[in-house]
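Working through the structure, step by step
What follows is each chain in one-letter form.
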Amino acid sequence: MDIFLQQLINGLTVGSIYALIALGYTMVYGILRLINFAHGDLAILGAFIGLTVITGLAGSGGAPANWIVIVAFVLAVLVVAIAGVLLEFTAYRPLRNAHRLSAVVSALGASMFIQNGIMLIWSPQTLTFPEGIMPQTTYNFGSVVISATQIFIVTVSLLLMLALYLYVNKTRFGTAIRAAAIDQDAARLMGINVNKVITSVFILGPALGAIGGLFIGVYYRQAVFDMGWIYGLNAFIAAIIGGIGNIPGAMIGGLLLGLFSSLASGYISSTWQQAIVFGLLILILMVRPTGILGERVADKV
Amino acid sequence: MSTSEPTLLALDNIGISFGGLRAVDQLNLEVKKGQVVGLIGPNGAGKTTVFNIITGVYKPTDGRVLWKGEAINGLPPYRVAQRGILRTFQTIRLFSGMSVLENVLAGKHLRTRQTWWAGLLSTPAQRREEKQLREECMEILKTLKLDHVANEVATSLAYGIQRRVEMARTLAASPELLILDEPAAGLNDNESAELNKTILDIRDSGVTVLLVEHDMNVVMNVTDHIVVISFGRKIAEGEPESIRNNPDVIEAYLGKDDDEDEQEAFA
């Protein structure tokens with residue numbers, strides 16, 4: 001039972017990070033029917049920028065002050081959001097009317113570009129995050145340990161997801177995003193500037209991804225240039241499990257995937273964790289090809 | 001309808017070719033403020049193409065589209081919509097999965113002032129505006145007798161009701177010129193009679209209407225002026241009564257051999 005609860009806590013933490021990153025995949029797919037393969041790398045770019053800010057401002061000794069951590073998050077969000085907009089302008093917009101495969105190739109190229117860019121700037125070595133970025137307190141319930149870091153990550157992630165949900169469902173621009181995702185031409189003829197909507201999605205998605213990426217950094221306390229691939233892949237799977245194109249679906253898919261992979265590594269084998277995750281994906285796609293909440297995608301593709 | 005009203009929309013010698021096909025040729029058309037103008041013609045005459053040129057979906061090969069005297073051809077569709085030219089679709093294109101109210105709110109997009117990030121901050125002004133928008137949309141739904149379905153998923157409703165929802169969505173954008181693409185398609189007799197009244201109500205509220213329609217009951221009863229096109233060219237124009245008896249129009253619709261039954265259908 002203790003193992004179960006412990007893995008549940010760990011899974012919830014990882015799952016909420018997956019969900020944050022998955023939102024970027026799903027929002028871009030919702031509007032452009034494009035898998036932005038560079039999204040995972042953008043998220044990890046957020047981790048590297050955060051790391052640089054923290055080590056730059058705090059020096060190597062001692063725990064960084066709270067304001068430094070906040071600045072790290074803010075700068076990571078800003079830089080990655082700008083990178084997201086640049087990515088859309090350079091890699092996707094020129095191919096808007098091209099064959100879908102061209103955009104996929106462009107996405108893969110962009111992914112490699114960002115990955116290698118990170119390697120050139122920050123080195124190919126695994127970099128470690130200093131201690132004490134997050135509060136070090138841990139709470140023990142029997143043999144179950146919950147760290148303040150975990151509580152922080154889960155709380156902030158859930159709040160961000162709630163904010164995004166309210167934004168998309170309750171505001172004028174959120175309505176425009178949903179309208180453009182359903183029928184771009186009709187949206188245009190209702191006076192919605194679809195290009196602006198697309199740009200906003202490439203701001204919101206990468207901004208949330210950057211927070212997710214920096215969470216990965218501070219949670220595992222390390223960052224390596226190519227980890228955007230595997231975390232991106234997991235978040236992408238989360239988006240598919242939830243029903244790609246569907247925002248609440250990405251949230252649910254992320255949490256489910258986190259819980260499942262955490263339980264799999266706790267009960268079965270951490271070596272096989274990734275294989276089990278892919279097994280889950282195959283299973284879900286066999287039963288529900290559109291994902292858990294992805295009913296609407298079927299008639300659009 | 002007096003002809004002294006100012007011209008709102010004018011097509012000035014419009015032409016468009018798709019490859020070798022001349023879909024619209026040397027078309028002149030004028031819509032005056034406060035009119036209901038009907039654009040009719042046999043299938044494939046180019047009516048929808050004309051709509052697409054007006055709304056900026058297609059760029060005309062020749063000629064100009066003048067809105068209040070200013071050329072708007074070449075503007076992207078959302079900019080044309082911003083000028084006050086809004087349309088409905090021949091095949092209903094509601095935002096699927098959204099409720100009726102949300103569809104109408106999407107139409108309100110143009111008439112809101114908040115920036116895209118105001119909603120992220122959820123400022124008091126932004127929340128006030130959202131609340132006000134909802135009230136205005138409910139008003140529109142009420143006048144179109146749709147308030148009782150406001151929270152239903154729009155695409156799950158009966159066809160005739162979906163048509164009204166689409167009209168409500170377009171009206172939410174406060175159009176100056178409302179373009180209706182076959183608004184009576186798929187409606188039964190009662191619904192189409194109701195549509196006539198709705199169109200006249202819309203005109204009386206100060207909105208100019210341009211419509212493409214096959215249902216002659218609608219065309220003859222609500223329009224002030226009719227333009228007939230065939231194979232992309234204008235073959236006649238005038239008041240409904242004169243169009244009804246115009247031999248060129250009858251020929252374009254029915255072919256050269258007169259057939260009593262079909263003529264009756266046309267009348």
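Procedures and definitions
Residues numbered from 1 in each chain as written. Chains lettered and ligands numbered in written order. Predicted model: local features only at pLDDT ≥ 70, side-chain atom pairs only at ≥ 80, totals over all residues. Helix = DSSP H or I, 4+ residues; strand = E, 2+ residues; numbered from the N terminus. Rg over C-alpha atoms; globule rule 2.2 N^0.38 Å. Buried ≥ 20, exposed ≤ 12 C-beta atoms within 10 Å, placed from the backbone. Contact = placed C-beta atoms within 7 Å. Pairing = 2+ DSSP bridges. Nonpolar A, V, L, I, M, F, W, Y, C, P; charged D, E, K, R; others polar. Axes fitted to C-alpha atoms, helices over the stretch in contact; angles between N-to-C directions. UniProt positions renumbered as here; feature names shortened; annotations may be inferred. Domains from an automatic or database assignment. Parallel < 35°, antiparallel > 145°, perpendicular 65-115°, else oblique. pLDDT = per-residue confidence, 0-100. Expected span 1.5 Å × (residues − 1). Arc of directions from axis to C-beta. Left-handed = near helix turned anticlockwise from the far one by under 90°.

Moving on: the overall build of chain B. Across its full length, chain B carries eleven helices and ten strands. The C-alpha radius of gyration of chain B comes to 19 Å, within 12% of the 18 Å expected for a compact globule of 267 residues. Taking the principal axes of its C-alpha atoms as reference, chain B extends roughly 65 × 40 × 40 Å. For chain B, with 267 residues in total, the buried portion stands at 41%. Taking the contacts inside chain B whose residues are at least 6 apart along the sequence as the reference set, 66% of them involve residues at least 24 apart.

When helices and strands are counted, chain A shows twelve helices and four strands. Principal axes of the C-alpha set define a box for chain A whose edges measure 60 × 45 × 35 Å. Taking all 301 residues of chain A together, 51% fall into the buried category. The long-range fraction of contacts in chain A, counting pairs at least 24 apart against all pairs at least 6 apart in sequence, stands at 76%.

The next point concerns the sheet that holds strand E1 (residues 7–18) of chain B. Pairing in this open sheet of four strands is antiparallel, and the strands run E2-E1-E4-E5 (chain B) from one edge to the other. Because the sheet does not close on itself, it has two edges, and the strands there are strand E2 (21–32) and strand E5 (70–71) of chain B.

This part covers the interface of chain B and chain A. In this assembly, 25 residues from chain B lie in contact with 21 residues from chain A. Contributions of two or more residues to the side of chain B that touches chain A are made by helix H2 (77–83), helix H3 (100–107) and helix H4 (118–121) of chain B. Taken together, the residues that form the side of chain B that touches chain A break down as twelve nonpolar, nine polar and four charged.

All names here are of chain B. The six strands are arranged E6-E7-E8-E3-E9-E10 in an open sheet whose pairing can be described as mixed. A strand with exactly one partner marks an edge of an open sheet, and here the two such strands are strand E6 (85–87) and strand E10 (233–238). On average, each strand axis in the sheet is tilted by 20° relative to the strand beside it, whichever way the strands run. Inspection of the sheet shows strand E3 (residues 36–40) paired to strand E9 (residues 225–230) by four bridges, in the parallel sense. Paired with Val 37 across the strands is His 225, a residue of E9. Of the strands in this sheet, E3, strand E7 (177–181) and strand E8 (208–212) touch helix H7 (residues 189–204), which is tilted by about 150° from E8.

Bringing the UniProt feature "transmembrane region" (unreviewed entry) in chain A into the picture now. Residues and elements named next belong to chain A. In the UniProt entry, the feature "transmembrane region" (unreviewed entry) is given for residues 12–35, 42–61, 67–89, 101–122, 142–168, 197–221 and 275–294. Along residues 142–168 the backbone is 78% helical and 15% strand, and the end-to-end C-alpha distance reaches 41 Å. Along residues 197–221 the backbone is 96% helical and 0% strand, and the end-to-end C-alpha distance reaches 35 Å.

Attention now goes to the domain arrangement of chain B. Residues and elements named next belong to chain B. Considered domain by domain, chain B is made up of domain 1 (1–84 + 175–258) and domain 2 (93–174). Using only C-alpha atoms to locate each centre, domain 1 and domain 2 end up separated by 27 Å. Contacts between the two partners involve nine residues from domain 1, matched on the other side by ten residues from domain 2. Considered class by class, the residues forming the side of domain 1 that touches domain 2 number five nonpolar, three polar and one charged.

Residues and elements named next belong to chain B. Where H3 contacts helix H5 (residues 124–143), the axes come no closer than 10 Å and their chain directions differ by 110°. In terms of orientation, H3 lies roughly perpendicular with respect to H5. Packed against H3, whose contacting residues are Val 100, Leu 101, Val 104 and Leu 105, the element H5 presents Leu 133, Cys 137, Ile 140 and Leu 141 at the interface. Classifying every residue of the contact of H3 with H5 gives eight nonpolar, no polar and no charged.

Averaged over all residues, the pLDDT of chain B equals 87, while 94% of them reach at least 70. Scoring the predicted complex yields pTM 0.84 and, for the interface, ipTM 0.78.

We now examine unusual backbone geometry. Residue and element names in this part refer to chain B. Backbone geometry places Lys 68, a non-glycine residue, at a positive phi of 50°. Within the fold, Lys 68 resides in the loop between strand E4 (62–67) and E5. In this structure, Lys 145 is a non-glycine residue whose phi angle is positive, near 55°. Inspection of the secondary structure puts Lys 145 in the loop between H5 and helix H6 (159–172).

With 97% of its residues at a pLDDT of 70 or more, chain A has an overall mean of 91. Contacts from residues 296–301 of chain A, a stretch scored under 50 in pLDDT, to residues over four places away or in other chains number seven contacts.

Before going further, it helps to spend a moment on H7(B). Residues and elements named next belong to chain B. Over its 16 residues, H7 runs 23 Å from end to end, which matches the ideal 22 Å to within 8%, given 1.5 Å per residue. All buried positions along H7 are accounted for by Leu 195, Thr 198, Ile 199 and Ile 202. Down the axis of H7, the buried set is contained in an arc of 100°. They therefore lie on one face. Every exposed residue of H7 that faces more than 90 degrees away from the buried side is listed here: Asp 189, Asn 190, Lys 197, Asp 201 and Asp 204. Phi for Gly 206, located one or two positions after H7, is positive at around 100°.

On to the packing of helix H9 (residues 227–242) of chain A against helix H10 (residues 247–267) of chain A, then. Residues and elements named next belong to chain A. Where H9 meets H10, the axes come as close as 7 Å, and the angle between the chain directions of the two elements is 120°. It follows that H9 is oblique to H10 by the angle criterion. Here H9 and H10 pass one another in a crossing that is right-handed. Here Asn 234, Ala 235, Ile 237, Ala 238, Ala 239, Ile 241 and Gly 242 of H9 come into contact with H10, specifically with Gly 249, Ala 250, Met 251, Ile 252, Gly 253, Gly 254, Leu 256 and Leu 257. Looking at the contact of H9 with H10 residue by residue, the class counts come to ten nonpolar, five polar and no charged.

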